[in-house]
Structures are given as C-alpha cells and as structure tokens.
Amino acid sequence: MKPSRIALVDVNNCYVSCERLMRPDLERVPMVVLSNNDGCCVARSAEVKALGVKMGTPWFHMKDLAKQHGIRAMSSNYALYGDMSRRFHAVLAQWVPPECQEIYSIDECFLDFAGQDRLDLTETGQAIRAQVKQWVGLPVSVGIGSTKTLAKFANHVGKKQPQWNGVCDLTVLSIPDRLALMDQFPVQETWGVGRRLAEQLIDLGIRTVGDLARCNPKRMRERFGVVMERTVAELQGVSCVEWQTQPPAKQQIVASRSFGGPLYTLDQIAEPVRFHMGRAAEKLRQQGGVAGRVGVLLETNRFRPQDPQYSPSRSISLPAASDDTAVLTTWAVTLLRALFKAGYRYVKAGVMLDDLRPKEMSQGSLFDSLPPERDHRRETLMAVLDRANGKWGRGTMGVGSAGVRDQKGWAMNRGMLSPCYTTNWEELRAVS
DNA sequence: TCTGGGGTCCTAGGACCC
DNA sequence: TCTGGGGTCCTAGGACCC
C-alpha cells in the first residue's frame, strides 16, 4: 500500500487577514482582532506576534503597548469571516474529489491526495497558495505529511521557517531528516499536546516533537492514555485519526456569553438566558434534532479573587425531548431559578442542550397528552420564528422578553466592529 | 473598569443491577 | 469483627482543539 499524502491548508492570521482584505490601508499596520465583548486577542498580525503578544492576551492589558506601537484593534466580525471561509473552502474543493476534502475549522482544511501519486505536492501547494490568494485574497500555508498530525506539524514548519516559502512536504524527507526537523520544535507544537501534557512530557525529558516521535506508543499509553498513544503513532506515520468528510451531527449545543457588564438579579439574568436559549434552539432545529436534556450555567468573575465566587451549572433530563423554544426556555428559566443566589456579581450566563437526537426518532413522553403525531401548529410557529430571525437579524422575535426589549446591561460590547462588507448590501465596500 | 465561545473525547467514580 | 464481584450506565471533570 502506498503511504497516503495529506495536506493541511490554513489561512494565516485568519481574522486579521479577512479584515485587511477589505481595508488594504491596514496591510502593514500592526493589528489584532478581539474576542466577543472586545475581551482578548484571538488573532494577531505578524507585526503584533513579533512584539511577543500571546494569543488570548486581554486587550486592556496591552493598551500601553498598543499606544506605543500604534496597534489597531477590531471587534470580531463573524459574518465576514464565515463568508470568506466559505469561499476559501470552495476554492480548495477544486483540488480533490469531495470525499477527500475535510473542512476542519473555519480556517483549516485537510486534503487527501491519495491516488494522485504523480503530483509534486510542493508545486501543488504553491499553486494552491497562489490560487487562494488570487481568487479569495487570503494568504495560506500548506503542510503535507502521511498523517493528519504530521500534516499539522508540516504546516507549522512552513509558517515558521521562511525557507519553505509557505509549503512544507514532509513526505519527501528521509526519516532521519524528518526527525532532525522535528527536533527543532518544542514538544508543545504537536497537535494534541497542550500546556498540561507538555509540562509532564518535559519532566520525562521529552522536550521536542522529535523526542515524542521516538517514543514507544504502547508505553506512552500506559502513562498518558489512548489519546497520547495515537498522537505518537501519528507522528510515526501510522494514521489513527479518522477522516470525516461530513461534519457529524453535534452532540451538544452551547450558547453562552459574557454580559456587557455585571448583573445582580434573577430578572436581569433571565433575559439573556431566554435569548441564549432562542439561539441554541434555532441551531438545534437547523440540524433537525431534539434535545433530551437542558442545562444552565452562571459565572462570576474568576479574575477578581476579592469577589465571592459562585459558578454553578445544572442540567435536567426532560420528560420528552423537544426542539420548541418555548418549552426549552421554560425549563431553562426553571433551572436558573434553582441555581440563582443573590449577593453575587454575575458576569456570564449560558444554556446547554444535550442528549441530542434526530427528530424522527424522538418519542413523546408516555404521559404526554398530545397524540403521537406532532403538533403542527407549534412547528409552524418555530419555522416562522427561525425565518424572521434569519431575515431581520437575531432577536427580532423571541419567547417572552427574549430579544424584544433592548438588551440593556447585557449586550456585547463591540465598539470596533467592521462593516459586513460581503453579506449585507447596506455595508458594501465603497470605492471612490 | 475591562480577561471569548463553542466544541470533542476520555477517564474515574458512583449508582444500580444481578 | 467479619460485608462479593462484575457489568453497565451516567455524570462530572479534565484535557485538548480552533
């Protein structure tokens, strides 16, 4: 059997690159894109990375640095990034048959070149870079390896070491050369090795990606479990991570968000909880599912140790699985009442839907008064709700007070939002 | 004053059953 | 005083990812 060749293509500094696409004047300006609520940096331009700013740095921590270096910050504009992502994946779809493309995330895509043995993948990688740049306008890097974990590593190498010019193909290297390259990178660069595992590995003297690749997978399983065994095997070229052409149906839906500012009362918090359940239930209906379990969570500010801390969560199995916003919201508010305690400074609330299953398979409760055929009037109502919110924006229609009143006190801060250039006619880029 | 949000998988431990 | 063993299911928590 021929060894497989898998490419990982990803967009460099994705959100920053998307913003610059519409604002060429920001091309060399050091800039970051902020998380929801303008909280912390989730994307950094090369200039900002060079200043040593880490992923996840709170924006208010780097205000001085920003002033000093003229760092520009933008709120995240997911409508824009989602649209650009769709175009990026569409271009890549031209390079392999559909079953050989795996859309891994908003800015990453695996391509399986199995069966295209005569292709020089370094050349192909360069052609892909040029095409995405020309057709979509985004800069990408390409890594090629015989497993997904190796492709991920190769991609990282292609980005970090300029001599690769954005494309690194590990499959053309000898094993000693490959290990030597791996020895140049800290073990934490391995896909699946985070901060915690890295600490433990370093304690054992496993410091580089190469060190990890030389380990015995079975032995690593005894110490760290099956995930680590697979990671080591993948680094050795033994494929262990499944290929997923179709995104699997979600097993859990979460909708949560920090408030614009702290909230103190049950009534105040009930509003965002209803709103979040509106969003969660909409996602649930989009995947044609019903939820058998509803959960609610609350959080105080863990970064303020001087505050009394209380971050409870609770969930409950429903008597009958449902996709009905009103039903799910009633349960969520019931849970919220059970959870809420006065005297805390709450900064975040969220809802969870679990035990998801396809609607066709759902069974009514034994004690349900409704006949087994579904309640079509409720379904029509939910469809109207989804259409209205899809057309006029989230929060147009909701259950109870969700989205009806203005979102005073809990709406997100997005003070530096760019226009929705590509998804809203009102906000098209003007060229003068 | 201001620190994201949405996911997955695995494991350990308790409840429960025979 | 001495109090089984094994399987399954569920849940919470920890680790990771983008």
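Reading the values: rules and limits
Residues numbered from 1 in each chain as written. Chains lettered and ligands numbered in written order. Predicted model: local features only at pLDDT ≥ 70, side-chain atom pairs only at ≥ 80, totals over all residues. Heavy atoms only, no water. Helix = DSSP H or I, 4+ residues; strand = E, 2+ residues; numbered from the N terminus. Rg over C-alpha atoms; globule rule 2.2 N^0.38 Å. Buried < 20%, exposed > 50% of the residue type's maximum accessible area, 1.4 Å probe, protein only. Contact = heavy atoms within 4.5 Å. pLDDT = per-residue confidence, 0-100. Pairing = 2+ DSSP bridges. Axes fitted to C-alpha atoms, helices over the stretch in contact; angles between N-to-C directions. Near = heavy atom within 4 Å. Polar contact = N/O pair within 3.5 Å; in protein donor to acceptor, adjacent residues only side chain to side chain. Nonpolar A, V, L, I, M, F, W, Y, C, P; charged D, E, K, R; others polar. Parallel < 35°, antiparallel > 145°, perpendicular 65-115°, else oblique. Left-handed = near helix turned anticlockwise from the far one by under 90°. Expected span 1.5 Å × (residues − 1).

We now examine the overall build of chain A. The helix and strand tally for chain A stands at 14 helices and 12 strands. At 24 Å, chain A has a C-alpha radius of gyration in line with the 22 Å of a compact globule built from 432 residues. With the C-alpha coordinates aligned to their principal axes, the bounding extent of chain A is approximately 65 × 55 × 50 Å. Taken across its 432 residues, chain A has 45% of its residues classed as buried. Once local pairs closer than 6 in sequence are excluded, the contacts in chain A between residues at least 24 apart make up 68%.

Bringing the confidence of the model for chain A into the picture now. Considering every residue of chain A, the mean pLDDT works out to 91; 92% of them sit at 70 or more. Note that pLDDT drops below 50 for residues 369-373; the model gives that stretch one contact with residues more than four away or on any other chain.

Let us look at the sheet that holds strand S12 (residues 346-358). Ordered in space as S9-S12-S10-S11, the four strands form an open sheet in which the pairing is antiparallel. The open sheet has two edge strands with one neighbour each: strand S9 (253-263) and strand S11 (313-322). In this sheet, adjacent strand axes meet at a mean angle of 15° when their direction is disregarded. Pairing of S9 with S12, which is carried by seven bridges, proceeds in the antiparallel orientation. When the bridges of S12 are listed, Leu263 appears paired with Tyr346. On the sheet, helix H12 (residues 266-286) packs against S9, strand S10 (289-300), S11 and S12 and is oriented at approximately 155° with respect to S9.

Now for the protein's contact with DNA strand B. Close contacts around DNA strand B come from 24 residues, with Arg230, Val254, Ser256, Ser258 and Arg345 the closest. Among the atoms of DNA strand B close to the protein, meaning within 4 Å, 71% are from sugar or phosphate groups. Separating a phosphate oxygen of DNA strand B from a backbone N or O atom of Ser256 is a distance of 2.5 Å. Where the surface near DNA strand B is concerned, the elements lending two or more residues are helix H11 (226-235), S9 and H12. Ranked by residues supplied to the surface near DNA strand B, first place goes to S9 with six residues. Within the surface near DNA strand B, the residues separate by chemical class into eight nonpolar, eight polar and eight charged.

Below, the discussion takes up the packing of helix H10 (residues 217-224) against H11. Axis separation between H10 and H11 bottoms out at 7 Å; the angle between their running directions is 155°. In terms of axis orientation, H10 runs roughly antiparallel to H11. Of the two possible hands of crossing, H10 and H11 adopt the one that is right-handed. The segment H10 lies against H11, with Pro217, Lys218, Met220, Arg221 and Phe224 engaging Val226, Met228, Glu229, Val232 and Ala233. For the contact of H10 with H11, the per-class residue count stands at seven nonpolar, no polar and three charged.

A few words on the protein's contact with DNA strand C. Looking at DNA strand C, there are 14 residues lining it, with Ser105, Lys152, Gly192, Gly194 and Leu197 nearest. At the protein interface, 100% of the atoms of DNA strand C within 4 Å belong to sugar or phosphate. One nitrogen or oxygen atom from the main chain of Leu197 is found 2.7 Å from a phosphate oxygen belonging to DNA strand C. Secondary structure elements with two or more residues in the surface near DNA strand C: strand S5 (101-105) and helix H8 (195-203).

A separate point is helix H5 (residues 121-135). End to end, H5 covers 20 Å across 15 residues, agreeing with the expected 21 Å (1.5 Å per residue, within 8%). Those residues of H5 hidden inside the fold are in contact with strand S1 (6-11), helix H4 (78-92), strand S6 (108-112), strand S7 (140-145) and strand S8 (167-169). Among the residues of H5, the N-terminal cap falls to Asp120, whose side-chain oxygen and the backbone nitrogen of Thr122 are separated by 2.8 Å. Note on H5: the residue one or two positions beyond its end, Gly137, has a positive phi of about 95°.

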